[in-house]
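# Results of the structural survey
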Amino acid sequence: MNCKELSKYIGDYVNKTLSSDLASDIESHLSACPKCAKLVRELQSTSLMVRSLSRLGAPAGFAENVRSRIAIQSESKPTCTSWELIKQWLHSLRESFRTPVFGLARVPRLVVVSLLLCLVVVGSMLVVNQVRYSSETVIDWAYIETCRDQHASFASANPLADNAAILLRERAHDLGGKM
Amino acid sequence: MKRLFFPITKVLIIACLICGSNALSLADGVDGRTVLKNMLEAEGKAVFAAHQVTTLARGPAMTSEQTVYRAGFKGMRIEYLEPPALKGEVIADDGHVYAHLIPREKVLRVGPSRLKMLQTRMNEAHTGFKQGALDVSLLGKDRIASRDAYVIQVKPNHPGKHPIRKFWVDSAKWVKLRTEDVGPDGTVLSMSYYTKISFVDRIDPDKFHIEPPRGIRVVKQPEWKTAPISEIKKIAGFEVLEPTYLPKGFKAVGASLIPFRRNRMVVIRYSDGVSSLSLFQAPGRVLDPKFLARLHEGPVKPGQGMYSWKTDGVNLTIVSQISMDEIRKVAASVK
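Residue numbers run consecutively from 1 along every chain, following the written order of its sequence. Starting at A for chains and at 1 for ligands, labels are handed out in the order in which the entities are written. Under the rules for a predicted model, residues below a pLDDT of 70 receive no local features and side-chain atom pairs below 80 are neither given nor counted, while totals for whole chains, interfaces and linings still include all residues. To get the side-chain values, take all heavy atoms of the structure and skip hydrogens and water.

Let's shift gears to the pattern of salt bridges. What counts as a salt bridge is simple: a side-chain nitrogen of Lys or Arg found within 4 Å of a carboxyl oxygen of Asp or Glu. In this structure the tally under the stated criterion is 16 salt bridges over all chains. The salt bridge partner of Lys37(B) is Glu41(B), with a shortest N-O separation of 3.8 Å. In this pair, Lys37(B) and Glu41(B) are both assigned in helix H2 (residues 32-43), four residues apart and thus about one turn of the helix distant. Per-residue accessibility, obtained with a 1.4 Å probe over protein chains only, is compared with the maximum for each type, and a residue is labelled buried under 20%, exposed over 50%, and partly exposed between these values. Looking at Lys37(B), the relative accessible area reads 40%, which means it is partly exposed. When its relative accessible area of 34% is taken as the criterion, Glu41(B) is described as partly exposed. A salt bridge links Lys233(B) to Glu242(B), with the nearest nitrogen and oxygen atoms 2.7 Å apart. Residues joined in a network through salt bridges with shared partners are Arg171(A), Glu89(B) and Glu105(B). Under the scheme used here, helices are H or I runs from DSSP no shorter than 4 residues and strands are E runs no shorter than 2 residues, and both carry numbers assigned from the N terminus.

Put into C-alpha cells, the structure is as follows:
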C-alpha cells in the first residue's frame, strides 16, 4: 500500500469498517510512513472528540409540537415551492432570534445544529494543531534514522541478503510520502 | 511382525521424501549446497554490468530500475533510472568508501565501505553454511536475463516461522541473477532481478568512486568497527544490556560503538544467516528530551520493523524485518 492508496481508505480505517486484511496492510504502511501515521492520528483524535460531545436532548413535547405544526402547514398549504420553503425557514430563523435566549424550545433545530457544527469545526482545528505540534516533537528522528541506516548497512553486508531491496527500502523510508 | 513392518516402512518412506527434497540434485550432478557455495565465491570475483529491477511488495511498496556495475569486492556502482523520485541517484563503493549521491537534495552521503563489510561477513556465511546452520535445497532450473540458472532456496536450519530466500544462480558464472524474499506465510516480500547482464574482463575503477560535484554538500556518516560484545561493554561508558531471548537460530555477530551527537551509542548485531537484528542502546542524555518523555509513557513503534523503549536510564531500539511479536519478545527479555 502507498500513500495515495491509503488516502482512499483512510476514512473507513478510522471508522474501523475495513476488512482485517486491508486494515493490516494500512497498519504496515502506517508503521513505515510517519506522514500518513500523523494524518491518521489527527483524524482519530478529531473523530474521538466529536464522539465525546454530549448529546443535546430535545425539550419535552418538541416532537409533538413539530408534527402538529407540519400537519397544520400541510393542510393550509398543500403545495410549496422551494423559494417558499426558504422564505419560511428565514422567517422562522428571524423569529427565533426574537425569542429569549433561554427559550430554547422555540429555537429552530437548524440553528442549534449550525452552532454545534461551528463548535466542532473550531474545536477540531485546535485539536489538529495540538496533535501536529506534539507528533513532530515526540519522535527523535535523527536517532531513529541513524538506527535505521546502521541496521541497513549491517543487513546489506549479509552475503545472503537482497542488497538491492535493502538499499531501495532505505531510500523509500527516507523519502516517505514523496514517492 | 506385521505391526513392526508398517512403522519401519513409513519411516523409510518419510526419510526418502525428506532426503529427496533437501538434497535434490539435477542430472548434471549439481546440488543446492554446491550452487550456494559457488554463488558465495562468485560474490567476491564476478565482474559485470547489468540492468536490474527491484520490487518491494511490503512496507513502502515500489519498483525501481537500476544500472549495476560490479567488480567483486573491488567495486560496486548502482545508477537509479526509475522511479522519478530516485532517478539520477548514484551509489558507488570502491571497497574503502561508500558514497551515495542524491542530486535532488544536493547531498553526497559518505560512509564506510559496505563491500568491505560484505567481505568480512563472507566468512560468517561460509562458517554457518559449513556448520549446517542453513537449510539449502535445489528447486530446479530456470532462465533469467537470457541465461540458464539454478533455483535454490535457503532458510535457517531450525524449526519455526522464518523468511525464506530464493536465488536464481547463473549456471556458468554462479552470479545471483534473481533474489526473492518470501515471508513465513508464503507471500513474496521483495525481489530483485537482472533483465540484461554482460560479463566483462574489467570495469574502470573510476566508476566506483564519486567526486562531489560543485554545489553538493558532503555528509559524512560515522565510522565504526565491529568488536566482540565483551570488549564494547568495557569501553561503552554505560551499562550495556543483552537479551536473554533470541529467535531460534539467531546468534550475536558482534557489537559496535557509534558516534552520535558528540556522544555514542552501542549496537549489538544478531543474525540467523538469512535475517538480521540490531539492538541499539543509548544513554538518556543523548536523545531528545521530548522523545525520552514519550518513552517514559511506554514503547514506541517509530517505523516498520522498529521498536523503541526505555529501561533503567538506557534507551533501546530494535530494528529487524522479523515479526513484531518476536521483536517484542526480544525486547521483553533485555536485562
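What follows is about the packing of aromatic side chains. Residues and elements named next belong to chain B. Side-chain rings of Phe, Tyr and Trp, where Trp is taken by its six-membered ring, are said to pair if the distance between their centres is within 6.5 Å; with planes under 30 degrees apart they count as stacked, over 60 as edge-to-face, and otherwise as tilted. Within the structure shown, the criterion is met by six aromatic pairs over all chains. Aromatic pair Tyr307 and Trp309: ring centres 5.8 Å apart, planes at 45°, arrangement tilted. Accessibility assignment for this pair places Tyr307 and Trp309 in one class, buried. In this structure, Arg178 is placed above the aromatic ring of Trp168, and the distance from its NZ or CZ to the ring centre is 4.9 Å. Charge-over-ring placement is defined geometrically: NZ (Lys) or CZ (Arg) within 6 Å of the ring centre, and within 35 degrees of the ring normal. In this structure, Lys207 is placed above the aromatic ring of Tyr69, and the distance from its NZ or CZ to the ring centre is 4.6 Å.

The next point concerns the packing of helix H7 (residues 141-156) of chain A against helix H8 (residues 163-175) of chain A. Residues and elements named next belong to chain A. Axis separation between H7 and H8 bottoms out at 9 Å; the angle between their running directions is 170°. The angle between H7 and H8 places the two elements in the roughly antiparallel class. Taking contact as the criterion, the partners of Arg148, Asp149, Ala152, Ala155 and Ser156 in H7 are, on H8, Asn163, Ile166, Glu170 and His173. Asp, Glu, Lys and Arg are counted as charged, while Ala, Val, Leu, Ile, Met, Phe, Trp, Tyr, Cys and Pro are counted as nonpolar; the rest, among them Gly, fall into the polar class. Here the residues of the contact of H7 with H8 sort into three nonpolar, three polar and three charged. Interaxial angle, 0 to 180 degrees, is taken between N-to-C directions of lines fitted to C-alpha atoms, where a helix line uses only the stretch in contact. Roughly parallel covers angles under 35 degrees, roughly antiparallel covers those over 145, roughly perpendicular covers 65 to 115, and oblique covers all other angles. Whether two residues touch is decided by their heavy atoms; if any such pair falls within 4.5 Å, the residues are in contact.

A separate point is the pairing of strand E14 (residues 263-271) of chain B. Residues and elements named next belong to chain B. Burial within E14 is extensive, with seven of its nine residues counted as buried. At least two bridges found by DSSP between two strands is the condition for calling them paired. Two strands pair when backbone bridges link them, and strand E13 (residues 251-260) and E14 are joined in this way by nine bridges, in the antiparallel orientation. The residue bridging Ser256 from the neighbouring strand is Val267, located in E14. The loop that links E13 with its antiparallel partner E14 comprises two residues; one of these, Arg261, has a positive phi angle of about 50°. Taking the residues between adjacent antiparallel strands as the criterion, E14 and strand E15 (residues 276-283) are bridged by four residues, where Gly273 takes a positive phi near 100°.

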